[in-house]
Amino acid sequence: MTEPTSASADEGTAVSPGASASSGDSIVRRLLLADWSSALIALVALYVVIGVMHPEFLKPSQLISVVQQSTYVAIMSAGIVFLLTQGEVDLSVGGTYVLTSVAAAMLIQGGLPPWVAACVALLIGLAVGAVNAFIVQVIRIPSLIATLAMGWVLHGLASAISEGKQIVGLPIKDSFFEILGGGSLAGLPVAVWVLIIVVAVLTVVLRRTPFGFRVREIGSNEEAAAFSGIPINRVKVTAFLLCGFLAAISGMLRLAFYTSGDPTAGSGYELFAVAGAV
């Protein structure tokens, strides 16, 4: 018997350049066809155009400031994704955002520790989500109408309890303001890290957990989901609670950064949040 030559062995194990190129093309094709690729391409193009027109925009400090300002809407968008996927929407997140920040500011001004006031504000956000869920799931008013009206109510309530004035004179030396408002980690503000954590966790929840599977199944075919035993009402209620909670988190980050409660803040944020979720 003759032993195989080393050249023959190499031919059996080597990967041809054509196969490697084909694999690379496949990866590029999948990236380009991803549902988020068009938004990423538009963002990069916008970044380049603005950078050419205004070079100072490309400064790291300026970019960090832009990201900081976008954090509040982005966190709200992360919650709205769970409703849009099911064919629902929450247009009251802007109102929840401003009400929780104003309410927490008034509680702090009244002597309550900032961290405790923030926890109360988060509970207010959950309560708003629960009311929205009740109106939509029990009274059966479409979420578009119900949450839009709720947003107006919340904006009006924020203006009423604050008498239309900013709530100032807060203890800005407290750890709540120093950590959430002025703190940074690895060169990024704490609020940006909160956004990264929220998006990462909710992405896993939507794609890898039973709850996320139920959300996607309801969005795909609600009747089939109900027939298969998925508790549709419970899943939608949870999504409304999540939206209210995340809007309250955004409100607390805003309060910590600006160190005041402004009843006129958050106007139009709900539309930006929905656009971001889409």
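Figured I'd write up the structure that's included with this text. (Residues numbered from 1 in each chain as written. Predicted model: local features only at pLDDT ≥ 70, side-chain atom pairs only at ≥ 80, totals over all residues. Heavy atoms only, no water.)

### Some thoughts on the overall build of the protein chain
Rules: The helix count covers DSSP runs of H or I at least four residues long, the strand count covers runs of E at least two residues long, and both are numbered beginning at the N terminus. Whether a residue is buried, partly exposed or exposed follows from its accessible area with a 1.4 Å probe, protein chains only, as a fraction of its type maximum: under 20%, in between, or over 50%, in that order. Computed by Shrake-Rupley with a 1.4 Å probe, the accessible areas treat only the displayed protein chains as cover when residues are assessed.
Counting its regular elements, the protein chain contains 13 helices and 2 strands. When burial is assessed residue by residue, the protein chain has 38% of its 278 residues classed as buried. On the protein chain, roughly 15,200 Å² of surface is accessible, and the fraction owed to carbon and sulfur atoms is 68%.

### Here's the deal with the pattern of salt bridges
Our working rule: The salt bridge criterion pairs a side-chain nitrogen of Lys or Arg with a carboxyl oxygen of Asp or Glu, the two atoms within 4 Å.
Under the counting rule described, the total for this entry stands at 2 salt bridges. Ionic pairing is found between E88 and K236, a salt bridge with its closest N-O pair at 2.9 Å. Pair noted here: E88 is in the loop between helix 4 (60–84) and helix 5 (93–109) and K236 is in helix 12 (residues 232–258), with a separation of 148 residues, a long-range link. As far as burial versus exposure is concerned, E88 and K236 are alike and both buried. One salt bridge in this structure joins K236 and E222, with 3.3 Å as the shortest N-O distance.

### Points about the nonpolar core
In plain terms, the rule: Only buried residues count toward a nonpolar core. Its members are Ala, Val, Leu, Ile, Met, Phe, Trp, Tyr and Cys residues joined through side-chain atoms within 4.5 Å. By definition, residues are in contact when any of their heavy atoms lie within 4.5 Å.
F82, F176, L246 and L255 are the most contacted members of the largest nonpolar core, which totals 62 residues. Here the element with the most residues in this core is helix 12; it accounts for 13 residues. Ignoring sequence-local partners within four residues, the contact set of F176 consists of P114, W115, A118, G181, M252, L255 and A256.

### A word on the packing of helix 5 against helix 6 (residues 114–137)
To be explicit about the condition: The axes used here are C-alpha line fits, helices contributing only the stretch in contact, and every angle between their N-to-C directions lies in the interval 0 to 180 degrees. Each angle gets one of four labels, with under 35 degrees taken as roughly parallel, over 145 as roughly antiparallel, 65 to 115 as roughly perpendicular, and the rest as oblique. Each crossing gets its hand from how the near helix is turned against the far one by less than a right angle, where anticlockwise is left-handed and clockwise is right-handed. We call Asp, Glu, Lys and Arg charged. Ala, Val, Leu, Ile, Met, Phe, Trp, Tyr, Cys and Pro are nonpolar, and the rest, Gly among them, are polar.
Where helix 5 contacts helix 6, the two axes come as close as 9 Å, and the packing angle between them is 150°. In terms of orientation, helix 5 lies roughly antiparallel with respect to helix 6. The handedness of the crossing between helix 5 and helix 6 comes out as right-handed. Here helix 5 contributes T96, L99, T100, A103, A104, L107 and I108 to the contact with helix 6, which in turn contributes P114, A117, V120, A121, I124, G125 and V128. Grouping the constituent residues of the contact of helix 5 with helix 6 by class yields 11 nonpolar, 3 polar and no charged.

### Examining the environment of V102
Within the element layout of this structure, V102 appears in helix 5. For the pair V102 and S260, spaced 158 residues apart in sequence, the C-alpha separation works out to 7.9 Å.

### Observations regarding helix 6
Here is the rule: To estimate how far a helix should extend, the number of its residues minus one is multiplied by 1.5 Å.
Taking 1.5 Å of rise per residue, 24 residues should cover 34 Å, and helix 6 covers 34 Å from first to last C-alpha, within 8% of that figure. Within the span of helix 6, buried status applies to P114, A117, A118, A121, G125, V128, G129, N132, A133, I135, V136 and Q137. Elements that come into contact with the buried residues of helix 6 comprise helix 5, helix 7 (143–162), helix 8 (175–181) and helix 12.

### Remarks on unusual backbone geometry
Backbone geometry at R140 places phi at a positive 70°, although glycine is not the residue there. Within the secondary structure, R140 is located in the loop between helix 6 and helix 7. The phi dihedral of T259 falls on the positive side, at around 55°, and the residue is not glycine. With respect to the helices, strands and loops of the structure, T259 is situated in the loop between helix 12 and helix 13 (269–277).

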